[in-house]
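These are the residues of each chain, in order.
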Amino acid sequence: MKYKISEIFYSIQGEGLLQGITAIFIRFSGCNLRCFFCDTKYSWKNGKEMNEDEILENIKKFKCKRIFFTGGEPYLQEISNLYEKLKRKNYWVGIETNGTIFKDIKFDWITVSPKKEGEKFHKFGYDKRFKKLADEFKYIIVDDSYFDFIDRSIEKPVVLQPVDNNIEISRKIVKFLKENNYNNWYLRLQIHKILNIK
């Protein structure tokens, strides 16, 4: 099976609750939302066609058994075969998705990052079946209106991430968290951008 791959690289996880761990990132090409604030617009189109064996050859050079699927939007492609092959090779496999497309794949870690642009597909921007399957939800906060977009009924950890590590928005998130005091909500910055690494 062929996949459209934007890039494969080895780095640290810069976002969410698993910040700081090393991982191989497989970035899939294509996105069904194309948010104006996206920091990986280059992944929306093009991409190199690779089959499963080519992907495995590519990741073997890294001394790491942890992989994250990212995008773009990985669920736009038929990723279950690749996932199964990686699991058979004893890889830990996580994914970040915008949550608009549901597939019942038992990833080791699922980050759902709902976007306002996803409201055309689902009421809260994501398929509600992810509510039980996801390990964390991550919301990019662009302005004050994005606080109202967050689904308050989520019981899993909810990460609030200021767009582009914006300091003013970070302060607004701190104020919001102090005023609302949700036990499962967290502020997180993008540490890979702070450190200026891939």
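Residues numbered from 1 in each chain as written. Predicted model: local features only at pLDDT ≥ 70, side-chain atom pairs only at ≥ 80, totals over all residues. Heavy atoms only, no water.

(A) Molecular detail of the sheet that holds strand β5 (residues 92-97). Ordered by their spatial adjacency, nine strands build an open sheet running β3-β1-β2-β4-β5-β6-β7-β8-β9, and the pairing between neighbours is mixed. Edge positions in the sheet fall to β3 (48-51) and β9 (185-187), since each of these pairs with one other strand and no more. Put simply, the sheet's adjacent strands are angled 30° from each other on average, direction ignored. Sheet strands touched by helix α1 (residues 52-60): β1 (2-12), β2 (22-28), β3 and β4 (66-70). Its angle to β3, the strand with the most contacts, is close to 95°. (Pairing = 2+ DSSP bridges. Helix = DSSP H or I, 4+ residues; strand = E, 2+ residues; numbered from the N terminus. Axes fitted to C-alpha atoms, helices over the stretch in contact; angles between N-to-C directions. Contact = heavy atoms within 4.5 Å.)

(B) A look at a nonpolar patch on the surface. Where nonpolar side chains cluster on the molecular surface, the patch consists of I194, L195 and I197 and spans about 290 Å² of accessible area. In this fold, I197 is placed in the segment after α6 (191-194). (Patch = residues over 30% accessible without salt bridge, like charges linked within 9 Å, V, L, I, M, F, W, Y side chains within 5 Å. Areas by Shrake-Rupley, 256 points an atom, 1.4 Å probe, with all protein chains shown as cover. Salt bridge = Lys/Arg side-chain N within 4 Å of Asp/Glu carboxyl O.)

(C) View of the pattern of salt bridges. This structure, assessed with the given rule, holds 15 salt bridges. Here K138 makes a salt bridge to E15, at a shortest N to O gap of 2.2 Å. Of this pair, K138 sits in strand β7 (residues 136-141) while E15 sits in the loop between β1 and β2, placing them 123 residues apart in sequence. Overall, E15 belongs to the buried group, its relative accessible area being 14%. (Buried < 20%, exposed > 50% of the residue type's maximum accessible area, 1.4 Å probe, protein only.)

(D) Here's a closer look at unusual backbone geometry. Looking along the chain, the bond that leaves G71 and enters G72 is cis, with omega of 10°. Positive phi is not limited to glycine here, since D164 has a value of about 55°. Mapped onto the secondary structure, D164 falls in the loop between β8 (158-162) and α5 (167-180). You can call D164 exposed: its relative accessible area is 53%.

(E) Focus on the packing of aromatic side chains. In this structure the tally under the stated criterion is 18 aromatic pairs. Taking the centre distance of 5.8 Å and the plane angle of 75° together, the rings of Y139 and F149 count as edge-to-face. Of this pair, Y139 sits in strand β7 while F149 sits in helix α4 (residues 145-149), and the two are 10 residues apart along the sequence. Under the relative-accessibility criterion, F149 is labelled buried at 7%. With 4.4 Å between their ring centres and 15° between their planes, F147 and F176 make a pair best called stacked. Taken together, the residues F147 in helix α4 and F176 in helix α5 connect sequence positions 29 residues apart. For the residue pair F147 and F176, the accessibility class agrees, reading buried in each case. For the cation-ring pair, K65 lies above Y91, with the distance from its terminal atom to the ring centre recorded as 3.9 Å. If you follow K116 out to its NZ or CZ, it ends over the ring of Y146, 4.2 Å from the centre. (Phe/Tyr/Trp six-rings, centres within 6.5 Å; stacked < 30°, edge-to-face > 60°. Lys NZ or Arg CZ within 6 Å of the ring centre and 35° of its normal.)

(F) Region of the structure containing the state of the cysteines. A full pass over the atoms with the stated rule returns zero disulfides. Of all cysteine sulfurs, the one in C35 lies closest to C31, which takes part in no disulfide; the gap is 6.3 Å. By relative accessible area, which is 18% here, C31 ends up buried. (Disulfide = S-S within 2.5 Å.)

(G) Looking closely at the nonpolar core. Core analysis: the largest hydrophobic core is formed by 52 residues, its most contacted members being F69, F107, Y139 and L160. Contacts of L160, omitting those with residues within four sequence positions, involve Y139, I141, F147, I150, I173, F176, L177, W185, Y186, L187 and R188. Judged by nonpolar contacts, the second largest core, of six residues, contains F9, L18, F25 and F68. (Core = buried A, V, L, I, M, F, W, Y, C linked by side-chain atoms within 4.5 Å.)

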